[in-house]
Amino acid sequence: MAGCDAGADGMSAVSYREYRPEDFPVLKDMYAQLDEYLRGLTVKLPLPEDVGQVWLDSFERTLGKFSMLHIAEVDGEVVGFMLSRVLRVPPHYGGVLVGELTDMYIDPQARRMGIGHELSRLAINWLRDQGVHSVESQSVDGNEGSWRLYEKMGFYLELRQVRMLMDDYQDPGPPAD
């Protein structure tokens, strides 16, 4: 964000758009930073080599169909992204299409500018255009900024996900009578 041309209020304008393939190198690096942050909170799953590329490979073929990357830029530089996906829930939950806000990252220098809200809004609108029944998101324990944003946007707590590493498991034996 160095060398920004400031607007009348002294702030550089943020612009938003859908992804372009030439964004992938910077998005992979941003995702690696996001992954490092989440692992510093509570994520304890194995770390693949070149996590940014593995992340991109997990959805690239579905972009524009069942997934979308929205991009935030300041002065032509990518400063954030939001990945959203369309999923179908199992038949016992109605078999409907559900939107998922799955990954969002904003460069630390671009935070507190409303970028997260706008990226989320754009993603939700894209998901609505895909005909989803509802939108869900998971937020890692300790990521209070994400939770506050989603709560302000009308999301509510629906479930809690827990994890136990098998290396930490100690069989307590059968319940006592």
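Everything quoted here is computed from the prediction, not taken from an experiment.

## Re the overall build of the chain
Summing up its helical and strand segments, the chain has four helices and five strands in all. For the chain, the α and β elements follow one another from N to C terminus as β-α-α-β-β-β-α-β-α. Considering the chain as a whole, with its 177 residues, one finds that 34% of them fall into the buried category. Of all intrachain contacts in the chain linking residues separated by at least 6 positions in sequence, the fraction that spans at least 24 positions is 65%. Of the roughly 11600 Å² of accessible surface on the chain, a fraction of 51% belongs to carbon and sulfur atoms. Where the 17 positive side-chain charges of the chain centre and where its 29 negative ones centre are 4 Å apart.

## Description of the packing of aromatic side chains
One pass over the structure, following the stated rule, counts five aromatic pairs. Ring geometry for Trp-55 versus Phe-59: centroids 4.8 Å apart, planes at 70°, classification edge-to-face. When sorted by exposure, Trp-55 lands in the same class as Phe-59, which is buried. An aromatic cluster is built from Tyr-31, Trp-55, Phe-59 and Phe-81, whose rings are joined through pairwise contacts.

## Here's the deal with unusual backbone geometry
Even without being a glycine, Asp-75 presents a positive backbone phi close to 55°. Summarising the element assignment, Asp-75 is placed in the loop between strand S2 (67–74) and strand S3 (77–88). Notably, Arg-112 is not glycine yet its phi reads approximately 70°, a positive angle. Tracing the chain through its elements places Arg-112 in the loop between strand S4 (97–106) and helix H3 (115–129). Take Arg-112: its relative accessible area is 83%, and that puts it in the exposed class.

Cut-offs used in this document
- Residues numbered from 1 in each chain as written.
- Predicted model: local features only at pLDDT ≥ 70, side-chain atom pairs only at ≥ 80, totals over all residues.
- Heavy atoms only, no water.
- Helix = DSSP H or I, 4+ residues; strand = E, 2+ residues; numbered from the N terminus.
- Buried < 20%, exposed > 50% of the residue type's maximum accessible area, 1.4 Å probe, protein only.
- Contact = heavy atoms within 4.5 Å.
- Areas by Shrake-Rupley, 256 points an atom, 1.4 Å probe, with all protein chains shown as cover.
- Lys, Arg positive; Asp, Glu negative; His and termini not counted.
- Charge placed at Lys NZ, Arg CZ, Asp CG, Glu CD.
- Phe/Tyr/Trp six-rings, centres within 6.5 Å; stacked < 30°, edge-to-face > 60°.

The quantities given are spatial measurements derived from coordinates; they are silent on function.
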